[in-house]
Structure formats: C-alpha cells, structure tokens
Amino acid sequence: MNDRCSWCGADVELGDGFRAYEMAGGRRAVFCRLEHIVAWAIRGAFWEPLPEGPHARADELVHRCAHCGAPLEEAHVLLVRARGEHRVPDGFCSVAHLLEWAKAGGRYAH
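Criteria and cut-off values
Residues numbered from 1 in each chain as written. Predicted model: local features only at pLDDT ≥ 70, side-chain atom pairs only at ≥ 80, totals over all residues. Heavy atoms only, no water. Helix = DSSP H or I, 4+ residues; strand = E, 2+ residues; numbered from the N terminus. Buried < 20%, exposed > 50% of the residue type's maximum accessible area, 1.4 Å probe, protein only. Polar contact = N/O pair within 3.5 Å; in protein donor to acceptor, adjacent residues only side chain to side chain. Pairing = 2+ DSSP bridges. Phe/Tyr/Trp six-rings, centres within 6.5 Å; stacked < 30°, edge-to-face > 60°. Lys NZ or Arg CZ within 6 Å of the ring centre and 35° of its normal.

Trainee: Tell me what's going on with the side chain of histidine 76, and back it up with residues and numbers.
Mentor: Topologically, histidine 76 is positioned in the loop between strand 5 (48-49) and strand 6 (77-83). For histidine 76, a relative accessible area of 10% puts it in the buried group. At a separation of 2.8 Å, a polar atom in the side chain of histidine 76 contacts the main-chain carbonyl oxygen of glutamate 73.

Trainee: Before we move on, can you summarise unusual backbone geometry with the specific residues and values?
Mentor: For alanine 45, which is not glycine, the phi torsion reads 50° and is therefore positive. Its location among the elements puts alanine 45 in the loop between helix 1 (34-42) and strand 5.

Trainee: Pulling in residues and values, what's your account of the pairing of strand 4 (residues 27-31)?
Mentor: For strand 4, a buried count of four out of five residues is recorded, marking the element as mostly surrounded by other parts of the structure. Pairing of strand 3 (residues 18-22) with strand 4, which is carried by five bridges, proceeds in the antiparallel orientation. In the strand pairing of strand 4, tyrosine 21 is matched with arginine 28. For strand 4 and strand 5, the ladder comprises two bridges, and the chain directions are antiparallel. Bridged to arginine 28 within strand 5 is glutamate 48.

Trainee: Give me the lowdown on the packing of aromatic side chains, citing residues and values where you can.
Mentor: The tally for this structure, following the rule as stated, stands at three aromatic pairs. Seen from their ring centres, phenylalanine 31 and tryptophan 40 are 5.0 Å apart, and the 70° between their planes marks the pair as edge-to-face. The exposure class assigned to phenylalanine 31 is buried, which follows from its relative accessible area of 0%. Classification of tryptophan 40 by relative accessible area gives buried; the value is 2%. In this structure an aromatic cluster arises from ring pairing among Phe31, Trp40 and Trp47. Taking the ring centre of phenylalanine 18 as reference, the NZ or CZ of arginine 81 above it sits at 4.5 Å.

Trainee: Provide a residue-level description of the pairing of strand 3, including the pertinent values.
Mentor: Residues in a regular strand point their side chains to alternate faces of the sheet. With five of five residues buried, strand 3 lies mostly within the body of the structure. The side-chain alternation of strand 3 yields two buried faces, one formed by Phe18, Ala20 and Glu22 and the other by Arg19 and Tyr21. A loop of four residues connects strand 3 with strand 4, the two strands running antiparallel in sequence, and glycine 26 in this loop sits at a positive phi of about 65°. Pairing geometry for strand 3 and strand 6, over four bridges, is antiparallel.

In short, shape yes, function no, at least from these values alone.
What follows is the structure, encoded as structure tokens:
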C-alpha cells in the first residue's frame with residue numbers, strides 16, 4: 001500500500017520518497033520530492049497522525065541536527081529518505097531547520 005504526498009497528493013511508494021516524523025507528537029508527513037518539503041513547511045507544516053503499529057526507530061541513529069549540529073531533544077523532527085531497500089535518516093531541531101536544510105538542497109548539497 002502506497003502513501004500519498006502531504007503536499008501534492010501523488011502516490012509515494014514505500015521504497016521511495018521522504019517521510020518526516022515527529023515521534024513525540026505521534027505524527028508524520030510524506031513527500032514525493034525534496035521541493036515539496038519546502039512548500040509544505042512554508043505553508044504551515046500540516047501533519048497527519050502516525051498510523052498504528054510498530055515503527056522503526058531510525059531516530060535512535062540520529063543524535064544531532066543536520067542543519068545546525070545541535071544535540072537533538074526528545075521532541076525533534078526525523079526525516080527518512082527511502083531509496084529501495086535503503087533508508088537514510090536525518091534529524092532536525094524543528095520544522096524551521098528542516099525547511100532551511102531542504103531549501104539548501106538537502107543532504108548532498110554541500
């Protein structure tokens with residue numbers, strides 16, 4: 001079963017796209033493209049409830065904000081990029097830091 005992009009509504013396969021989680025708040029957002037994270041965050045970051053069931057704890061692998069380098073607190077944003085069987089997690093202090101990181105081109109922009 002595919003997810004739908006939180007910005008444009010396009011289907012996002014489970015092995016593709018970006019998924020943002022705020023585990024402490026029990027919510028998530030799904031994106032088909034990095035650019036859609038930017039538009040979503042600018043418009044107010046509309047989240048959906050995290051579906052029931054077990055969830056991988058990729059946030060346990062992420063300890064610092066990918067934008068500013070600060071240690072992450074319990075309430076942080078986790079972004080997981082799916083590429084086939086691979087998952088690449090990045091953590092952020094806030095949606096604002098996720099926005100700045102995405103506007104700059106994401107993980108591989110530097």
